[in-house]
Amino acid sequence: MISAATPDPFSDQRRWQWLALAAGVGVLVWLLGPILTPFVVSALLAWLGEPLVRRIEGRGRTRTTAVLLVFTLMSLVLVLAVLLLIPLVENQVGKFIDWLPRFGLWLTGTAVPWAEQRFDLELAGYIDPSQLIALLREHWQQAGGIAATVVGEVSKSGLAIISWMVNLALIPVVTFYFMRDGAAMLGKARDLLPRPVEPLVTKLACESDQVLGGFIRGQLSVMIALGTIYAVGLTAVGVDLGILIGLVAGLVSFVPYLGAIVSLGAAVIATLVQHGDLMHLALVLGVFGLGQLLESFWLTPWLVGDKIGLHPVAVIFAIMAGGQLFGFLGVLLALPVAAVAVVVGRYAHERYTHSKLYGAEAPHGGLIVPASEAHAPEPPDAP
């Protein structure tokens, strides 16, 4: 509920000022886009580590000591993830390319005849997986693997190599300073806000942090947990592409049901092509059943709870729009901007429902007064 003492930051006197400020910030981000990426990455990493820093501080450690501990832990986790995941994913994609001819034989020799007999259809003339398989194999051989592709793209220009190395070296340095001095920076920014609107802007900023945290710290934790469960479970029951399917399941699981449907379909096809028996199919179905039970009754209630998150459609749109407008920087800024937009949109909706245009009581003295509170009697004094 909007407080009656909260100034209206979108009043006629301030509306054009806010629009001009927003336009100026957008132009500035567009102009400085090439150099902002390491700073945005650092700010996101520092934001992710802030809760742990505060927890360590609460146990009597200094801010610098807490930051050093969290920074070291995050660095080790990121380095290990990169060193383990890149070769693992490259190996799995290589297996997938080698597995494609077996899939083509299964599709034309088993799946299509079964579907034609079962549904009385003519499908053989429309399905020819050989061209798709040959195309994928050719492009994979030309690429030479994930690591070789990345190195080749970066090494095309000496300036690109220098810029890439400088940005990479800047990220840990800037992250450390953001983690150590971020609270002081935010305090100075808060002091620069106009005093009449400072309480409301601070309130909206805190709500934006909760919305963003509800998605990133909650939903992304669920994605990682589900991806790990599916990858380990499918590998344990003998699916060669279990790790790749688990990673894909984790990446798309923020869209309800999509991750489970896509990964289950891929796992069933991979199992039928590789084993072709009901026992392995039942084991795969058991892995996904266990994963869904853990997500519904343990992972989501524990990691997400009742936090207010971003709607999956809003996440997809924000990432695509950010990438289209600002490239990789826009992808990084998409979720924070979407979180702010959700909070401001919620505030604007509440403001609209308490306006004369909607039919509520008119604002008094430039302040937003809900209709239910405009003529409410004063509460009795406490005894």
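The structure presented is a predicted model; accordingly, all values stated were derived computationally and were not measured. (Residues numbered from 1 in each chain as written. Predicted model: local features only at pLDDT ≥ 70, side-chain atom pairs only at ≥ 80, totals over all residues. Heavy atoms only, no water.)

Counting its regular elements, the protein chain contains twelve helices and zero strands. Moving toward the C terminus, one meets the helices and strands of the protein chain in the order α-α-α-α-α-α-α-α-α-α-α-α. Looking at the protein chain residue by residue over its 383 residues, the buried ones come to 32%. Looking at the protein chain alone, contacts between residues at least 24 apart form 70% of all its contacts between residues at least 6 apart. Counting every atom, the protein chain has about 23800 Å² of accessible surface; 71% of that belongs to carbon and sulfur. (Helix = DSSP H or I, 4+ residues; strand = E, 2+ residues; numbered from the N terminus. Buried < 20%, exposed > 50% of the residue type's maximum accessible area, 1.4 Å probe, protein only. Contact = heavy atoms within 4.5 Å. Areas by Shrake-Rupley, 256 points an atom, 1.4 Å probe, with all protein chains shown as cover.)

Our focus in this paragraph is helix α7 (residues 242-252). Residues of α7 that are buried: Gly242, Leu244, Ile245, Gly246, Ala249 and Gly250. Elements in contact with the buried residues of α7: α2 (63-119), α6 (198-236) and α8 (258-274).

As a further point, take the environment of Leu281. Position of Leu281 among the secondary structure elements: in helix α9 (residues 278-304). Accessibility expressed as a relative area gives 17% for Leu281, which makes it buried. Sequence separation between Leu281 and Ala267 is 14 residues, and the spatial gap between their C-alpha atoms is 8.8 Å. Setting aside residues up to four positions removed in sequence, Leu281 forms contacts with Val268, Thr271 and Leu272.

A side chain of one charge can pair with a side chain of the opposite charge when the charged atoms of the two come close. This model, assessed by the stated rule, comprises seven salt bridges. One salt bridge connects Arg63 with Glu50, and the closest N-O pair in it is separated by 2.9 Å. On the criterion of sequence distance, the pair formed by Arg63 in helix α2 and Glu50 in helix α1 (residues 12-58) is long-range, its members being 13 residues apart. With respect to burial, Arg63 and Glu50 carry one shared label: buried. A salt bridge links Arg180 to Asp181, with the shortest nitrogen-to-oxygen separation between them at 3.1 Å. Residue class for Asp181 comes out partly exposed when judged on its relative accessible area of 25%. Ionic contacts of the salt-bridge type, sharing partners, join the residues Glu50, Arg54, Glu57 and Arg63 into one network. (Salt bridge = Lys/Arg side-chain N within 4 Å of Asp/Glu carboxyl O.)

For the rest of this paragraph, the subject is the nonpolar core. The nonpolar side chains of a soluble globular protein tend to be buried, and buried together. In terms of nonpolar packing, the biggest core is built from 25 residues, with Trp99, Leu234, Val239, Ile245 and Val284 touching the most fellow members. For this core, the leading source of residues is α2, giving eight residues. Once residues lying within four places of it in the same chain are set aside, the contact partners of Val284 are Leu234, Val237, Val239, Ala267 and Thr271. Formed by 19 residues, the second largest nonpolar core is a distinct cluster that contains Leu200, Leu310, Val315 and Ala334. (Core = buried A, V, L, I, M, F, W, Y, C linked by side-chain atoms within 4.5 Å.)

So, on to the confidence of the model for the protein chain. Per-residue confidence for the protein chain averages 78 on the pLDDT scale, and 78% of its residues sit at or above 70. The spread of mean pLDDT over the elements of the protein chain runs between helix α12 (residues 371-374), the lowest at 42, and α7, the highest at 89. Counted against residues more than four places away or in other chains, residues 362-383, with its pLDDT under 50, gives 28 contacts. (pLDDT = per-residue confidence, 0-100.)

Counting across every chain of the model gives six aromatic pairs. Feature note: the residues Phe96, Trp99, Phe103 and Trp106 constitute an aromatic cluster, connected by ring pairs. (Phe/Tyr/Trp six-rings, centres within 6.5 Å; stacked < 30°, edge-to-face > 60°.)

Here the focus is the side chain of His280. For His280, the location among the structural elements is in helix α9. When its relative accessible area of 15% is taken as the criterion, His280 is described as buried.

With 57 residues, α2 extends just 68 Å between its outermost C-alpha atoms, more than 12% less than the 84 Å of an ideal straight helix rising 1.5 Å per residue. Backbone geometry just downstream of α2 places Asp120 in the positive-phi region, at approximately 55°. (Expected span 1.5 Å × (residues − 1).)

Taken together, the side chains of Val27, Leu28, Trp30, Leu31, Leu32, Ile35, Leu325 and Phe326 define a hydrophobic patch exposed on the protein surface, amounting to about 820 Å² of accessible area. Element by element, the count of residues in the nonpolar patch is highest for α1, at six residues. The topology assignment puts Leu31 in helix α1. Among the residues examined, Leu31 registers a relative accessible area of 53% and is labelled exposed. (Patch = residues over 30% accessible without salt bridge, like charges linked within 9 Å, V, L, I, M, F, W, Y side chains within 5 Å.)

This paragraph deals with the environment of Val273. As for its position among the elements, Val273 is in helix α8. We classify Val273 as buried; its relative accessible area is 12%. Each C-alpha atom of the pair Val273 and Trp99 lies 9.0 Å from the other, and the pair is 174 residues apart in sequence. In contact with Val273, not counting residues within four places along its chain, are Trp99, Arg102, Phe103 and Trp106.

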